[in-house]
Amino acid sequence: MNLKPYLLALLPALVLLGSPAQAAKLKPQNLKQLISESESILSGQVQSVTDGISDQGVPYTEVTIKVNNAAKGQHEKNSTYTFRQFGLTKPQRNANGTKMLAVSPEGFPRWNTNETVIVFMHKAAKLTGLRTTAGMANGKFVVQGGKVSNEFNNFGVFNDIEFAQGLLSESENTMLKTTGAFSATDFMSLVGKAVSEQWISNGKMK
């Protein structure tokens, strides 16, 4: 591989974002988009967050989640799901005294140990193996007090989506009209049904 380290370090972000400027202009993603772009959808607790530089010279943040439930992908309850996202958690000083400033760009989700999350995980990049959530920060939801919200307070999650008549329960219909955080149980239940019953491909969710 002839890519120089600095180019290799930028590649995952460029692939995902098009350019760093786009990260600052991150657009809301609705639930249909998040489900369609996800390889795995799971809930659980963040067990560890570390960072470092890979053998390829790529700065990464490594996150391990203890799985509680999975709506998409083969993930057993109480198993662990570990992934690496582009960028460090904070600037680091190298052995030669220089400073590595390549933190995760704006628009990438930030991770905290012990937080409970629902995540929509994009597939890994072929070149580096790095991955992050679908829709960037749109695809990470934090659970607090039984409620769930993403970095944008759920703005746009149900925008421009139509569900087939009679498909949703009363509480799910109420959730669609809710502004801000909504029930984590109802949200994960709806996502699970949408995936397992293939609502998108059979036109029940469009």
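Please read all numbers here as calculations on a predicted model, not as lab measurements. (Residues numbered from 1 in each chain as written. Predicted model: local features only at pLDDT ≥ 70, side-chain atom pairs only at ≥ 80, totals over all residues. Heavy atoms only, no water.)

Trainee: Help me understand the packing of aromatic side chains in this model?
Mentor: One pair of aromatic rings is described through two measures. These are the centre distance and the angle between the planes. Counted under the stated rule, the structure contains nine aromatic pairs. Measuring from centroid to centroid gives 5.5 Å for F158 and F182, while their planes differ by 40°, and the two rings are tilted. In this pair, F158 sits in the loop between β8 (147–150) and α4 (170–176) while F182 sits in strand β9 (residues 182–183), placing the two residues 24 residues apart along the sequence. Residue F158 shares its accessibility class with F182, and that shared class is buried. Members of the aromatic cluster, each reached through a chain of ring pairs, are F120, F141, F158, F182 and F187. The aromatic ring of Y60 is capped on one face by R84, whose charged end is 3.8 Å from the ring centroid. Above the face of the W111 ring, K140 is positioned so that its terminal group lies 4.7 Å from the ring centre. (Phe/Tyr/Trp six-rings, centres within 6.5 Å; stacked < 30°, edge-to-face > 60°. Helix = DSSP H or I, 4+ residues; strand = E, 2+ residues; numbered from the N terminus. Buried < 20%, exposed > 50% of the residue type's maximum accessible area, 1.4 Å probe, protein only. Lys NZ or Arg CZ within 6 Å of the ring centre and 35° of its normal.)

Trainee: Honestly, the pairing of strand β2 (residues 59–72) in this entry has me stumped. Any pointers?
Mentor: Within a regular strand, the side chains alternate between the two sheet faces. Relative to β2, strand β1 (residues 40–53) runs antiparallel, the two being bridged by 12 bridges. The residue of β2 that forms the bridge with S48 is T64. In this structure, the hairpin formed by β1 and β2 is closed by a connection of five residues, where G57 is found at a positive phi of approximately 85°. Two strands pair when backbone bridges link them, and β2 and strand β3 (residues 80–86) are joined in this way by seven bridges, in the antiparallel orientation. Each residue of the ladder has a partner; that of K66, found in β3, is T80. (Pairing = 2+ DSSP bridges.)

Trainee: Help me understand the sheet that holds β2 in this model?
Mentor: Pairing between sheet strands relies on hydrogen bonds along the backbone, with the strands arranged either parallel or antiparallel. The strand order β3-β2-β1-β6-β7-β8-β9 describes an open sheet built from seven strands, whose pairing is antiparallel. Taken across any chain shown, the strands that pair with only one partner, and hence form the sheet edges, are β3 and β9. Along the sheet face, helix α5 (residues 184–196) touches β1, β2, β6 (116–121), β7 (140–144), β8 and β9 and points at about 80° away from the line of β2. (Contact = heavy atoms within 4.5 Å. Axes fitted to C-alpha atoms, helices over the stretch in contact; angles between N-to-C directions.)

Trainee: Just checking my understanding: could you explain the side chain of S40 for this structure?
Mentor: With respect to the helices and strands, the residue S40 is situated in strand β1. One polar contact links S40 to H75, side chain to side chain, over a distance of 2.8 Å. Excluding its chain neighbours within four sequence positions, the residues that come into contact with S40 are K72, G73, H75, Y81, V119, F120 and M121. (Polar contact = N/O pair within 3.5 Å; in protein donor to acceptor, adjacent residues only side chain to side chain.)

Trainee: Teacher, can you tell me more about the nonpolar core here?
Mentor: Soluble globular proteins tend to bury their nonpolar side chains together. Counting 26 residues, the largest nonpolar core has L31, F120, F141, F163, F187, W199 and M205 as its most contacted members. Breaking this core down by element, the ones donating at least two residues are α3 (31–36), β6 and α5. Here this core takes six residues from α5, the largest share from any one element. Setting aside residues up to four positions removed in sequence, F141 forms contacts with L34, T116, V117, I118, F120, V148, S149, N150, N154, V157 and F187. (Core = buried A, V, L, I, M, F, W, Y, C linked by side-chain atoms within 4.5 Å.)

Trainee: What should I look at first to understand the environment of N69 in this one?
Mentor: Looking at the secondary structure, you find N69 in strand β2. Sequence separation of N69 and G192 is 123 residues, and the distance between their C-alpha atoms is 9.6 Å. Apart from the residues lying within four places of it in its own chain, the contact partners of N69 are L42, S43 and M188.

These figures come from the coordinates and say nothing about function on their own.
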